[in-house]
Amino acid sequence: MEPDVIQRFLESVGQKADIDLYLKLFQSERKESFAILVAEAGVVKNALDPLHFDLRILAGLGLIPIVILGLFDATDADTNAKRVKDWLEEDLVPAEIISVQANMSDDDLAAIRAAITRGSIPLVSMQTAQTLQVDHRFNLLQRLSNTLESHKVVYLSTGSGLGRRNTPHISVINLATDYDLLMKEDTLSRRQQLVLRRTRQLLEQAPHRMTASVVNPLNLLRELFTINGAGTLIRKGSTVRSASSLEGIDKPRLQALIESAFKRRMLPGVLDRNYERAFIESGYRGAALLEQSPAGIYLSKFVVDRMAQGEGIGGDIWKVMTREFPSFFWRSRPDNFIVPWYVRNCSGMVRLNAWHIFWRNLTPEQIAPAIAYAEQRPRDLEG
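Structural notes, computed from the coordinates. (Residues numbered from 1 in each chain as written. Predicted model: local features only at pLDDT ≥ 70, side-chain atom pairs only at ≥ 80, totals over all residues. Heavy atoms only, no water.)

Section: the overall build of the protein chain
Each helix and strand counted, the protein chain has 14 helices and 15 strands in total. Taken against the 2.2 N^0.38 rule, which gives 21 Å for 383 residues, the C-alpha radius of gyration of the protein chain at 23 Å falls within 12% of a compact globule. Projected onto its principal axes, the C-alpha positions of the protein chain cover 70 × 50 × 40 Å. Buried residues in the protein chain amount to 53% of all 383 residues. (Helix = DSSP H or I, 4+ residues; strand = E, 2+ residues; numbered from the N terminus. Rg over C-alpha atoms; globule rule 2.2 N^0.38 Å. Buried < 20%, exposed > 50% of the residue type's maximum accessible area, 1.4 Å probe, protein only.)

A look at the sheet that holds strand β2 (residues 66–69)
Pairing in this open sheet of eight strands is mixed, and the strands run β3-β4-β2-β1-β5-β7-β8-β6 from one edge to the other. Two strands lie at the open edges of the sheet, namely β3 (95–99) and β6 (172–174), each paired on one side alone. Recorded for the sheet is a direction-independent mean angle of 20° between the axes of neighbouring strands. Direction of pairing for β6 relative to strand β8 (residues 232–235): parallel, over a ladder of three bridges. Among the inter-strand pairings, Ile-173 is bridged to a residue of β8, identified as Ile-234. Of the strands in this sheet, β6 and β8 are in contact with helix α8 (residues 175–184), which crosses β6 at around 95°. (Pairing = 2+ DSSP bridges. Axes fitted to C-alpha atoms, helices over the stretch in contact; angles between N-to-C directions. Contact = heavy atoms within 4.5 Å.)

Some points on the nonpolar core
Of all hydrophobic cores here, the largest spans 82 residues; its most connected members are Ile-112, Tyr-155 and Phe-225. No other element matches the six residues that helix α7 (residues 134–148) contributes to this core. Once residues within four sequence positions are removed from consideration, Ile-112 is found in contact with Ile-66, Ile-98, Val-100, Met-104, Pro-122, Val-124, Leu-144 and Leu-148. Of all hydrophobic cores here, the second largest spans 21 residues; its members include Phe-279, Leu-290, Phe-302 and Ile-338. (Core = buried A, V, L, I, M, F, W, Y, C linked by side-chain atoms within 4.5 Å.)

A closer look at the environment of Ser-189
Within the secondary structure, Ser-189 is located in the loop between α8 and α9 (190–205). You can call Ser-189 partly exposed: its relative accessible area is 22%. Separated by 146 residues in sequence, Ser-189 and Val-43 have C-alpha atoms that sit 18 Å apart.

A word on the packing of aromatic side chains
Per the counting criterion, the structure on display carries 22 aromatic pairs. With 6.5 Å between their ring centres and 50° between their planes, Phe-72 and Tyr-155 make a pair best called tilted. Residue Phe-72 is found in the loop between β2 and α5 (77–90), and its partner Tyr-155 is found in strand β5 (residues 152–156); the two are separated by 83 residues along the sequence. Among the residues examined, Tyr-155 registers a relative accessible area of 2% and is labelled buried. With a centroid separation of 6.0 Å and an interplanar angle of 85°, the aromatic rings of Phe-329 and Tyr-373 are classed as edge-to-face. Taken together, the positions of Phe-329 in strand β13 (residues 328–332) and Tyr-373 in helix α14 (residues 364–376) put the pair 44 residues apart, joining distant regions of the chain. Tyr-373 sits in the partly exposed class, given a relative accessible area of 22%. Here a set of aromatic residues connected by ring pairs shows up, and it is made of Phe-302, Trp-318, Phe-328, Trp-330, Trp-341, Tyr-342 and Phe-358. When the ring centre of Tyr-179 is taken as origin, the NZ or CZ atom of Arg-200, which lies over that ring, is 4.0 Å away. The lysine or arginine in question, Arg-331, covers the ring of Trp-355, its NZ or CZ lying 3.8 Å from the ring centre. (Phe/Tyr/Trp six-rings, centres within 6.5 Å; stacked < 30°, edge-to-face > 60°. Lys NZ or Arg CZ within 6 Å of the ring centre and 35° of its normal.)

Side note on α14
Within the span of α14, buried status applies to Ala-370, Ile-371 and Ala-374. Along α14, the residues classed as buried sweep out an arc of 100° about the axis, all on the same side. The exposed residues of α14 that point more than 90 degrees off its buried face are Glu-365, Ala-368 and Gln-376. Against β12 (296–304), β13, β14 (348–351) and β15 (356–360) lie the buried residues of α14. (Arc of directions from axis to C-beta.)

Quick notes on helix α12 (residues 313–324)
With 12 residues, α12 should cover 16 Å at 1.5 Å per step; its first-to-last C-alpha distance of 17 Å lies within 8% of that length. Among all positions of α12, only Ile-313, Gly-314, Asp-316, Ile-317, Trp-318, Met-321 and Thr-322 are buried. (Expected span 1.5 Å × (residues − 1).)

Observations concerning the side chain of Arg-277
One can find Arg-277 in strand β10 (residues 277–281). In this structure the side chain of Arg-277 is engaged in a polar contact, spanning 3.5 Å, whose partner is the side chain of Ser-242. Sequence-distant contacts of Arg-277, defined by excluding residues within four places in its chain, comprise Ser-242, Ala-243, Ser-244, Ala-288, Leu-289, Leu-290, Glu-324 and Phe-325. (Polar contact = N/O pair within 3.5 Å; in protein donor to acceptor, adjacent residues only side chain to side chain.)

A short note on the environment of Met-349
Position of Met-349 among the secondary structure elements: in strand β14. Distance from Met-349 to Ile-371, taken between C-alpha atoms, is 9.1 Å for residues 22 residues apart in sequence. Sequence-distant contacts of Met-349, defined by excluding residues within four places in its chain, comprise Val-343, His-356, Ile-357, Phe-358 and Trp-359.

As for the packing of α7 against α9
Look at α7 against α9: their axes get within 10 Å of each other, and the N-to-C directions meet at 30°. Between α7 and α9 lies a crossing of right-handed hand. Contact residues: Val-134, Asp-135, Phe-138, Asn-139, Leu-141, Gln-142, Ser-145 and Asn-146 in α7; Leu-194, Arg-197, Arg-198, Gln-201, Leu-202 and Gln-205 in α9. Here the residues of the contact of α7 with α9 sort into five nonpolar, six polar and three charged. (Left-handed = near helix turned anticlockwise from the far one by under 90°. Nonpolar A, V, L, I, M, F, W, Y, C, P; charged D, E, K, R; others polar.)

Notes on unusual backbone geometry
Even without glycine at this site, Lys-263 takes up a positive phi of about 60°. Topologically, Lys-263 is positioned in the loop between α11 (251–262) and β10. In the Ramachandran plot, Asn-361 falls in the positive-phi region, its phi being about 55° despite a non-glycine side chain. Looking at the secondary structure, you find Asn-361 in the loop between β15 and α14. Asn-361 sits in the partly exposed class, given a relative accessible area of 45%.

Geometric values such as these leave the question of function open.
What follows is the structure in structure tokens.
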């Protein structure tokens, strides 16, 4: 497939800035760590065309995913692997079937690595483990993802994500806060509960940073290359630290986060202020800084690392922050991509030439002073 055709298609599924960001990230990492795609038998039977198209696009970008066949039902894994291989080879996309042993041997892992090195998509069949329990096959997936340090495991599904059919799918599952409730409620089917239970183990036992998602092949590229995604993202969850000052906070790391996210240098002295409260994600992938102002609590900075956007870290920080500070106000440049999210999470707003000013739970008497303060407040960043 021609590179310009691939690029035009990618840009049709999301903003060019997002596409370029994720493409640069994926292409800078080890090829074997890109992603593992788990294809159910139903996907091969009913959605092979979009799956085949996705694999063509990814291969054209130099991204080689590992495709697992037979994780849930291994009975016809070899046959399904051959069907996928035949479709790919018709379009001159290299692919190799690797029938792994029931213990995912070192030789199996070496064969998968070698295929990726050759630029071939490994179609990993688990048919030899068909007589074993599905939990055993998940153990093989665990061994594979841990050994290759896979950054993402994607379960391809004929549905749109996790959730009951004919209802909107769940966009993000934070295992730290959502797991117990979802396993008790009638929200997920038994198959989906299995996916969630084993994915929790997968992510908790991974020695590296990894996420998982459930998505329809029709939306796989949007899931991979856009901040908003398209299916259900499953992640371990974030630990958010609440601090009454920046004492003890790694200021150089916080400054690097802010400057990277806003793509502008911070002016001197910004992190030397007496902040009312700071909320910092444990990995410094997100933060919120609040100040006491004459007009009330002002949200000075709300920032999420661009590489982590779409993982729900901003939502984690927002929940903790709004629980402790139910009323505050803030401003944003009109062209900031997060403005639509702010609109959904504010009580009111006003659009001015230089700024959009937002607030939550202010009294009518507080609104005018808050707008005046936010409009006149000096900038913290260059440009």
